[in-house]
Amino acid sequence: MVSVRAPDGDVNVASERCGIARGLAAVRPGPDGDPWFLYFAMLYSKPTLEARATGSTFDSVNRNTLNDLDIPFFDMVTQTAIGGFLRSLVYRIEQEDEAVRAAQTLKRAAMRTLFTRGLRGEAQKETEIGPVPESWELKAICDLFEIGQGLSLKGNLATDGQGMPFLRTSNVYWGEMDLGTVSRMRLVGDAPPEKLLRKGDLLVCEGGEIGRAAVWDGEIEGCLYQNHLHRLRPMESTQTNPLFAMAWLEEGFKYRNAYEGAGNRTTIPNLSRSRLAGLSVPHPTVDEQREIVAILGAIDGKIDLHRRKRAVLEELFKALLHKLMTGEVRVGELDVSKLFSVRKRWSYG
């Protein structure tokens, strides 16, 4: 099945007998064509099909354009070898996706247990934020953290690569920072010292998915942050682990709904500084905080490992798709047996 109406060129394989809508075309291999080779050949040809799409309201591909599309062609033995090889590689990518999902499910279960029973499986007590271990205290965020708010980027965005690095809400996800794209800010004079991030600062999103939080690890020197981010800096006297607080905010906001109504709802949800300051968070001993952080960190490490393995496999797939379809390399020349120690049974309609 080929999408002929934006997005043009997307492909999939029917797993059963079915009808198709007007935005799809059905391409069926002839006696000299391997179905899975055809699938990957169409995937390889997607950029060509996109370039030939036309339309005023939205791009689309007509029947003649699809009929005239040239795709790679090899003898049946080669087609079958290429199709089987690329299917196996795709399955390895899917395995890493499944491993990420399994680890995320494990983390969610671990968080639920740790934040309700602690490390010793102790009795619970009901609180304003839901059940927590009986020995844990509840404290307001303002009693544990110094709360700061960043600078407005309005009118100060540097587009020439100059200026100071500047984090936005788009850089802060649940429990992790995304530094793939970091904005730059023009300043007149020196940056206010209180607006510069320090290693260990906890950043919390004011809007969107409110409560989304991540700890700054000092990856970029001299980094500023947006006024739509709250900067929580642990007070030394409170023995508060920012990674523990980060994990709790994910549990409290994303899963437990412990702070229902915490956001001001005007046109978009908004977590004001005053509301954030008054939120209660669990506060066990510093040793218990550290141990819980270590457990959740180990699971995060597993998630990150599988994500990185998936990214490597995805790049390998893109490179080999091109090389195999152009005949630059042949399947018999490849030695990637370790990738395919487990194979999935594939079928097509």
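It should be emphasised that the depicted structure is a prediction, and the values quoted were computed from it without experimental measurement. (Residues numbered from 1 in each chain as written. Predicted model: local features only at pLDDT ≥ 70, side-chain atom pairs only at ≥ 80, totals over all residues. Heavy atoms only, no water.)

## Focus: helix α7 (residues 286-325)
Rule in force here: Where helices and strands are cited, they refer to DSSP runs of H or I of at least four residues and of E of at least two residues respectively, numbered from the N terminus. What a helix should span is 1.5 Å times the count of its residues minus one.
Relative to the 58 Å expected for 40 residues at 1.5 Å per residue, α7 spans 57 Å between its end C-alpha atoms, a close match to the ideal helical length. Directly after α7, the chain includes Gly327, whose backbone phi takes a positive value near 80 degrees.

## Description of the packing of helix α5 (residues 242-256) against α7
Rule in force here: Interaxial angle, 0 to 180 degrees, is taken between N-to-C directions of lines fitted to C-alpha atoms, where a helix line uses only the stretch in contact. Definitions for this section: a left-handed crossing has its near helix turned counterclockwise from the far helix by less than a right angle. A right-handed crossing has that turn clockwise. In this description, contact between two residues means that some pair of their heavy atoms is separated by no more than 4.5 Å. Residues were grouped as follows: Ala, Val, Leu, Ile, Met, Phe, Trp, Tyr, Cys and Pro as nonpolar; Asp, Glu, Lys and Arg as charged; and all remaining residues, including Gly, as polar.
Two elements in contact, α5 and α7, have axes whose closest approach is 9 Å; the angle formed by their N-to-C orientations is 65 degrees. Considering only the axes of α5 and α7, their crossing is left-handed. Residues Leu243, Phe244 and Ala247 of α5 touch α7, and the partners they reach there are Gln289, Ile292, Val293 and Leu296. Classifying every residue of the contact of α5 with α7 by side-chain character gives six nonpolar, one polar and no charged.

## Focus: the sheet that holds strand β13 (residues 224-225)
Cut-off, in case you're wondering: For two strands to be treated as a pair, DSSP must find no fewer than two bridges joining them.
Reading across from one edge, β10-β7-β13 is the order of the three strands in this open sheet, with mixed pairing throughout. At either margin of the open sheet sits one strand with a lone partner, and together these are β10 (183-185) and β13.

## Thoughts on the pairing of strand β14 (residues 229-234)
As a reminder, the rule being used: Note on classification: 1.4 Å probe, protein chains only; a residue is buried when its accessible area is under 20% of the maximum for its type, exposed when over 50%, partly exposed between these limits.
Among the six residues in β14, five count as buried, and that is most of the element. Pairing analysis gives five bridges linking strand β6 (residues 145-149) to β14, with the strands arranged antiparallel. Paired with Ile147 across the two strands is Leu232, which belongs to β14. As judged from the four bridges shared by strand β11 (residues 202-205) and β14, these two strands associate in the antiparallel manner. Counterpart to Leu203 in the pairing with β14 is Arg231.

## Quick word on the sheet that holds strand β12 (residues 213-215)
Pairing between the strands of a sheet is mediated by backbone hydrogen bonds and can be parallel or antiparallel. Read across the open sheet, the four strands follow the order β6-β14-β11-β12; overall the sheet is antiparallel. In this open sheet, the two edge strands, each paired with only one partner strand, are β6 and β12. Recorded for the sheet is a direction-independent mean angle of 25 degrees between the axes of neighbouring strands. The sheet strands contacting α5 are β6, β11, β12 and β14, and the helix crosses β12 at an angle near 165 degrees.

## Observations regarding the pattern of salt bridges
Rules: Salt bridges are defined by distance alone: a side-chain nitrogen of Lys or Arg within 4 Å of a carboxyl oxygen of Asp or Glu.
The final tally for this structure, using the stated rule, is 19 salt bridges. A salt bridge links Arg108 to Glu251; the shortest N-O distance between them is 2.9 Å. Pair noted here: Arg108 is in helix α4 (residues 76-117) and Glu251 is in helix α5, with a separation of 143 residues, a long-range link. Taken individually, Arg108 and Glu251 each receive the classification buried, so the pair is uniform in this respect. Linking Arg231 and Glu146 is a salt bridge whose minimum nitrogen-to-oxygen distance equals 3.2 Å. Here Arg231, found in strand β14, pairs with Glu146, found in strand β6; they are 85 residues apart in sequence, far enough to count as distant. The structure contains a network of salt bridges with shared partners spanning Arg92, Glu96 and Lys309.

## Some points on the side chain of Arg212
Structurally, Arg212 is set in the loop between β11 and β12. According to the relative accessible area criterion, Arg212 is buried, its value standing at 11%.

## Quick word on the layout of surface pockets
What counts is decided by this rule: Cavities and pockets were defined on a 1 Å grid built from protein atoms only: a cavity is a group of points that admits a 1.4 Å probe but offers it no way out, a pocket is an open group of points flanked by protein on both sides within 12 Å along at least five of seven lines, and a lining residue is one with an atom within 4 Å of any such point. Grid points are joined across faces, edges and corners, and a volume is the space filled by probe spheres set on the points.
Counted as a void, the largest pocket has a volume near 600 Å³. Along the walls of the largest pocket sit 20 residues, with Met1, Val13, Ala14, Val27 and Arg28 positioned nearest its centre. Considering every element that reaches the lining of the largest pocket, the biggest residue donor is helix α1 (residues 35-44), with four residues. Along the lines of polarity and charge, the residues of the lining of the largest pocket split into 15 nonpolar, two polar and three charged. Of the volumes computed, that of the second largest pocket is approximately 460 Å³. Forming the walls of the second largest pocket are 23 residues, and the residues nearest its centre are Ala26, Val27, Arg28, Leu66 and Asn67.

## Here we look at the confidence of the model for the chain
Definition in use: The pLDDT value expresses, per residue, how confident the predictor is, ranging between 0 and 100.
Residues of the chain with pLDDT of at least 70 account for 94%, and the chain-wide mean is 89. Across residues 342-349 the pLDDT falls below 50, and counting only partners more than four positions away or on other chains, this stretch makes 17 contacts in the model.

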